[in-house]
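Take a look at the letters that make up each chain.
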There are 2 protein chains.
Amino acid sequence: MNLKELASKLGLSPTTVSRALNGYPEVNEVTRERVMAAAKRHNYLPNARAIRLATGRAMAIGHVITVSTKHEIVNPIFADFIAGAGETYSRMGYDMLLTVVNDADEAAAYRSMKTRGTVDGIIVHAPRTADARIARLHEIGLPFVVHGRATGAPEAYSWLDVNNRRAFQRATEFLLDLGHRRIALINGLEFMDFAIRRRSGYEQALAARGVPIDPTLMRSDEMTETYGHRAALAMLTRPDPPTAFLVSSMIIAIGVRRAIEERGLKLGRDVSVITHDDDLSYLRNGDDVPIFTATRSSVREAGRQAAEMLLDNIANPGHDPQTRMFEAELMVGLSTGPAPTKG
Amino acid sequence: MNLKELASKLGLSPTTVSRALNGYPEVNEVTRERVMAAAKRHNYLPNARAIRLATGRAMAIGHVITVSTKHEIVNPIFADFIAGAGETYSRMGYDMLLTVVNDADEAAAYRSMKTRGTVDGIIVHAPRTADARIARLHEIGLPFVVHGRATGAPEAYSWLDVNNRRAFQRATEFLLDLGHRRIALINGLEFMDFAIRRRSGYEQALAARGVPIDPTLMRSDEMTETYGHRAALAMLTRPDPPTAFLVSSMIIAIGVRRAIEERGLKLGRDVSVITHDDDLSYLRNGDDVPIFTATRSSVREAGRQAAEMLLDNIANPGHDPQTRMFEAELMVGLSTGPAPTKG
DNA sequence: TGAGAAACCCAAAGCGGTTTGGAAATGATT
DNA sequence: AATCATTTCCAAACCGCTTTGGGTTTCTCA
């Protein structure tokens, strides 16, 4: 059942039927009702391929997920972000297009999306500092919203981000207030923008209290459980171990906890841990009381809002770039306590 | 730059240019070279919207991710499966379309995909026993491949699955061989097909050795860390606690470990744990020696192959449904040991 | 040398919608 | 009753490709 058939069944022209269904004013309300009813009865849905060609719009948003050949890790927050964004797209009648691409081919992927016309806009994931994609997308002329920020990008662009610096600053202050002085930072890869900002917040808080920054208490790597375990274990076996850890993800924190327990120490008493918590649906930080004291910000909600921003940019082009900053909540859980007194 | 422009630049008709680019035989090789070169030079890429309308194919595969309003958990294996499938699609020139939908609207989503013509086929995720989607998709007439199986589906269909029953049977036998007799099963939701099969393997192994099946040692729920923790803690505080746990996912296992350590017990000595491990990229089971003894099967590889099967089904229609079974490896790690002797 | 086959290319009709530019019918105004 | 504006609808062009059904050349072979 296509438009022409529906039109002939109704004794109307395709033009009128199309207009009736799309809410154009130049059609009698009575006729419109009749058309709507017939469309529903024959469960007619317009062919998306034809609409896309005719309107020149893709009615789809692209998400590019990069997979490096070296460390082929899929970002675990991806699923939740996508789920949030997908809710928005469903509501607005957009499709979501996912492309898995080797990081070297990412620019080519954007260009292809633009010239082949498969998407109307793009969400940029996991920005690095001075991320080249932003300039590229400007040059290609594809609307986009960045989840995160990229320091040092020359032009203005739309983004949505957690206040990572502030979050880690507050977390560090919280530990300092508890008497901790040797606080380790188990960070993500520090060419990622969020990781840089978190470190800066951490260092700033230490500096403000005159606590010396010890580079040997800072690690940066892909955020896995084993990384957390290895890093924490190495630090805890030193003669001057840290009394607290500030870590960049729940998964790292789980590894840190494993190391702590392996050393026969007790989490929240002998060693404190604060983690960032993306509020992932499959990895909740406890039910009532949080397992880990955490800086929390829902990545799912970020997905929802990023999609909204992008669709808004597409619907109202020519506006100034929008930005949106989330403040992470500091949730106090069972993994922090006063610094143990020597003895 | 579109086909018509490129053709006029070359002094050829659009027909010839189209044929040259698509490898049809009725064009001179010299002409073809000339066309290819010009296409590359002007970096021409055909408009996908036009191709789709003209060919009647969507060149896209749909993945539907359901989000229940009650327990809105995004399946954590989703990201890795998608990454695997995406590799295949990229290689074959297909797009991947992701739809997030409330579980009640899933059938409507399939129907819409079919009539609007946005996809050529569908991957069905997380099948339940007697899953209604299979009959629905047959009736709608959309090619599909199921990741998992659905017992009791009336018609034959293509699927790809891990041998869950065998995996859990072997894992149970392994624990029995170590002298364990009170083995708990912390399973996923048992309306999910995989969970049923795992329980069946577990029960079968126990029965074969004449070990009585104790329903109070079996739990079934959404696979989260907190669930694992709660379930294990409850069982460990009983007067007759289990000496081993068989669990359905790494994330559950992490919760179980937390409970074990909270009770002051040692994993692999006082209590043994075997988990199923989907080999998720962000949650590797240790680097050299596995943390957990596990039944392992890569969900990323499953994604790759499921996509290949579906594209094959689409390219060669009318064939019998294909099926593919993976055997999980039993990886011995640090979480299992002989059953502690009473004393 | 002429006929038939093969190779090479093209005009035009599609795919299924949207959108432009009227035309006919109706209503309002003088 | 004539005029003009509105309302309501339609024919046809268009989006950018693919594909059908020829039409020319060139090649092959008797």
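No experiment lies behind these values; they were computed from the predicted model shown.

Cut-off values and rules
- Residues numbered from 1 in each chain as written.
- Chains lettered and ligands numbered in written order.
- Predicted model: local features only at pLDDT ≥ 70, side-chain atom pairs only at ≥ 80, totals over all residues.
- Heavy atoms only, no water.
- Helix = DSSP H or I, 4+ residues; strand = E, 2+ residues; numbered from the N terminus.
- Expected span 1.5 Å × (residues − 1).
- Buried < 20%, exposed > 50% of the residue type's maximum accessible area, 1.4 Å probe, protein only.
- Near = heavy atom within 4 Å.
- Polar contact = N/O pair within 3.5 Å; in protein donor to acceptor, adjacent residues only side chain to side chain.
- Nonpolar A, V, L, I, M, F, W, Y, C, P; charged D, E, K, R; others polar.
- Core = buried A, V, L, I, M, F, W, Y, C linked by side-chain atoms within 4.5 Å.
- Contact = heavy atoms within 4.5 Å.
- Buried area = accessible area lost by both parts, 1.4 Å probe.
- Salt bridge = Lys/Arg side-chain N within 4 Å of Asp/Glu carboxyl O.
- Pairing = 2+ DSSP bridges.
- Axes fitted to C-alpha atoms, helices over the stretch in contact; angles between N-to-C directions.

Focus on helix H11 (residues 250–262) of chain B
All names here are of chain B.
Turning to step 1, where the next piece is worked out: The end-to-end C-alpha separation of H11 is 18 Å, in line with the 18 Å expected for 13 residues at 1.5 Å each.
Turning to step 2, where the next piece is worked out: The element H11 is extensively covered by neighbouring structure, given that 11 of its 13 residues are classed as buried.
Turning to step 3, where the next piece is worked out: Buried residues of H11: Met250, Ile251, Ile252, Ala253, Ile254, Gly255, Val256, Arg257, Arg258, Ala259 and Ile260, and no others.
Turning to step 4, where the next piece is worked out: Downstream of H11 by one or two residues, Gly264 has phi in the positive range, about 75°.

Regarding the protein's contact with DNA strand D
Turning to step 1, where the next piece is worked out: Taken together, 26 residues lie near DNA strand D, and A:Thr15, A:Arg19, B:Leu3, B:Ser18 and B:Arg19 sit nearest.
Turning to step 2, where the next piece is worked out: Taking all atoms of DNA strand D within 4 Å of the protein, the share assigned to sugar and phosphate is 58%.
Turning to step 3, where the next piece is worked out: Here A:Thr15 contributes a side-chain N or O atom positioned 2.7 Å from a base nitrogen of DNA strand D.
Turning to step 4, where the next piece is worked out: Within the side chain of B:Tyr24, an N or O atom sits 2.8 Å from a phosphate oxygen of DNA strand D.
Turning to step 5, where the next piece is worked out: Counting residues per element, the ones that place at least two in the surface near DNA strand D are helix H2 (14–21) and helix H4 (48–55) of chain A together with helix H2 (14–21) and helix H4 (48–55) of chain B.

Comments concerning the protein's contact with DNA strand C
Turning to step 1, where the next piece is worked out: The environment of DNA strand C is formed by 26 residues, the closest being A:Leu3, A:Ser18, A:Arg19, B:Thr15 and B:Arg19.
Turning to step 2, where the next piece is worked out: Atoms of DNA strand C within 4 Å of the protein belong to the sugar or the phosphate in 57% of instances, the rest to bases.
Turning to step 3, where the next piece is worked out: Between DNA strand C and the protein, one listed contact pairs a phosphate oxygen with a side-chain N or O atom of A:Tyr24 at 2.8 Å.
Turning to step 4, where the next piece is worked out: Between DNA strand C and B:Asn28 there is a distance of 3.1 Å, counted from a phosphate oxygen to a backbone nitrogen or oxygen.
Turning to step 5, where the next piece is worked out: Elements represented by at least two residues in the surface near DNA strand C include exactly H2 and H4 of chain A together with H2 and H4 of chain B.
Turning to step 6, where the next piece is worked out: Partitioned by chemical class, the residues of the surface near DNA strand C number 11 nonpolar, 12 polar and three charged.

Thoughts on the nonpolar core
Turning to step 1, where the next piece is worked out: Membership of the largest hydrophobic core comes to 140 residues, with the highest contact counts inside it found for A:Tyr89, A:Phe245, B:Tyr89 and B:Phe245.
Turning to step 2, where the next piece is worked out: Apart from the residues lying within four places of it in its own chain, the contact partners of A:Tyr89 are A:Ile61, A:His63, A:Tyr94, A:Met96, A:Ile123, A:Ala307 and A:Leu311.
Turning to step 3, where the next piece is worked out: Membership of the second largest hydrophobic core comes to 37 residues, among which are A:Ile122, A:Val124, B:Leu142 and B:Tyr157.

A few points about the interface of chain B and chain A
Turning to step 1, where the next piece is worked out: Taken residue by residue, the interface counts 50 residues in chain B and 50 residues in chain A.
Turning to step 2, where the next piece is worked out: Approximately 4,700 Å² of surface area, both sides summed, lies buried where chain B meets chain A, with 59% of it carried by carbon and sulfur atoms.
Turning to step 3, where the next piece is worked out: In terms of surface lost to chain A, no three residues of chain B exceed B:Arg49, B:Arg116 and B:Tyr282, which account for 16% of the buried area on that side.
Turning to step 4, where the next piece is worked out: Where chain B meets chain A, there are four salt bridges.
Turning to step 5, where the next piece is worked out: Linking chain B to chain A there are 18 residue pairs in polar contact (both at pLDDT 80 or more).
Turning to step 6, where the next piece is worked out: Mapped onto the side of chain B that touches chain A, the elements with two or more residues apiece are H4, helix H5 (78–92), strand E2 (95–101), helix H6 (106–116), helix H10 (225–236) and H11 of chain B.
Turning to step 7, where the next piece is worked out: For the side of chain B that touches chain A, the element with the most residues is H5(B), which contributes seven residues.

Quick notes on the side chain of B:Arg32
Residue and element names in this part refer to chain B.
Turning to step 1, where the next piece is worked out: As for its placement among the helices and strands, Arg32 is situated in helix H3 (residues 29–41).
Turning to step 2, where the next piece is worked out: Since its relative accessible area comes to 9%, Arg32 is described here as buried.
Turning to step 3, where the next piece is worked out: At a separation of 2.9 Å, a polar atom in the side chain of Arg32 contacts the main-chain carbonyl oxygen of Ala20.
Turning to step 4, where the next piece is worked out: When sequence neighbours within four positions are dropped, the list of residues in contact with Arg32 reads Arg19, Ala20, Gly23, Tyr24, Pro25 and Val27.

A few points about the pattern of salt bridges
Turning to step 1, where the next piece is worked out: Per the stated rule, a full pass over the model turns up 50 salt bridges over all chains.
Turning to step 2, where the next piece is worked out: Here B:Glu327 ties to B:Arg166 by a salt bridge, and the two come within 3.7 Å at their closest N and O atoms. On the criterion of sequence distance, the pair formed by B:Glu327 in the loop between strand E11 (323–326) and strand E12 (329–331) and B:Arg166 in helix H8 (residues 164–177) is long-range, its members being 161 residues apart.
Turning to step 3, where the next piece is worked out: Residue B:Glu327 is classed as partly exposed on the basis of its relative accessible area of 42%.
Turning to step 4, where the next piece is worked out: Among the residues examined, B:Arg166 registers a relative accessible area of 37% and is labelled partly exposed.
Turning to step 5, where the next piece is worked out: The shortest N-O distance in the salt bridge between B:Arg296 and B:Glu329 comes to 3.6 Å. Of this pair, B:Arg296 sits in strand E10 (residues 293–296) while B:Glu329 is found in strand E12, placing the two residues 33 residues apart along the sequence.
Turning to step 6, where the next piece is worked out: On the accessibility criterion, B:Glu329 (42% relative accessible area) is partly exposed.
Turning to step 7, where the next piece is worked out: Residues joined in a network through salt bridges with shared partners are A:Glu87, A:Arg300, A:Glu301 and A:Arg304.

Describing the sheet that holds strand E6 (residues 183–187) of chain B
The strands making up a sheet associate through backbone hydrogen bonding, with each pair oriented either parallel or antiparallel.
Residues and elements named next belong to chain B.
Turning to step 1, where the next piece is worked out: As summarised here, the arrangement of the six strands in space is E7-E6-E8-E9-E10-E12, forming an open sheet in which the pairing is mixed. Each edge of the open sheet is held by one strand with a lone partner, namely strand E7 (218–220) and E12. Along the sheet, successive strands turn relative to each other by an average axial angle of 15°, direction set aside.
Turning to step 2, where the next piece is worked out: Pairing of E10 with E12, which is carried by three bridges, proceeds in the antiparallel orientation. Across the sheet, Arg296 pairs through a bridge with Glu329, a residue of E12.
Turning to step 3, where the next piece is worked out: Against the sheet, H10 makes contact with E6, E7 and strand E8 (244–247), and its axis sits at roughly 160° relative to E7, the strand it touches most.
Turning to step 4, where the next piece is worked out: Strand contacts of H11: E6, E8 and strand E9 (272–277), with the helix running at about 160° to E9, the strand carrying the most contacts.

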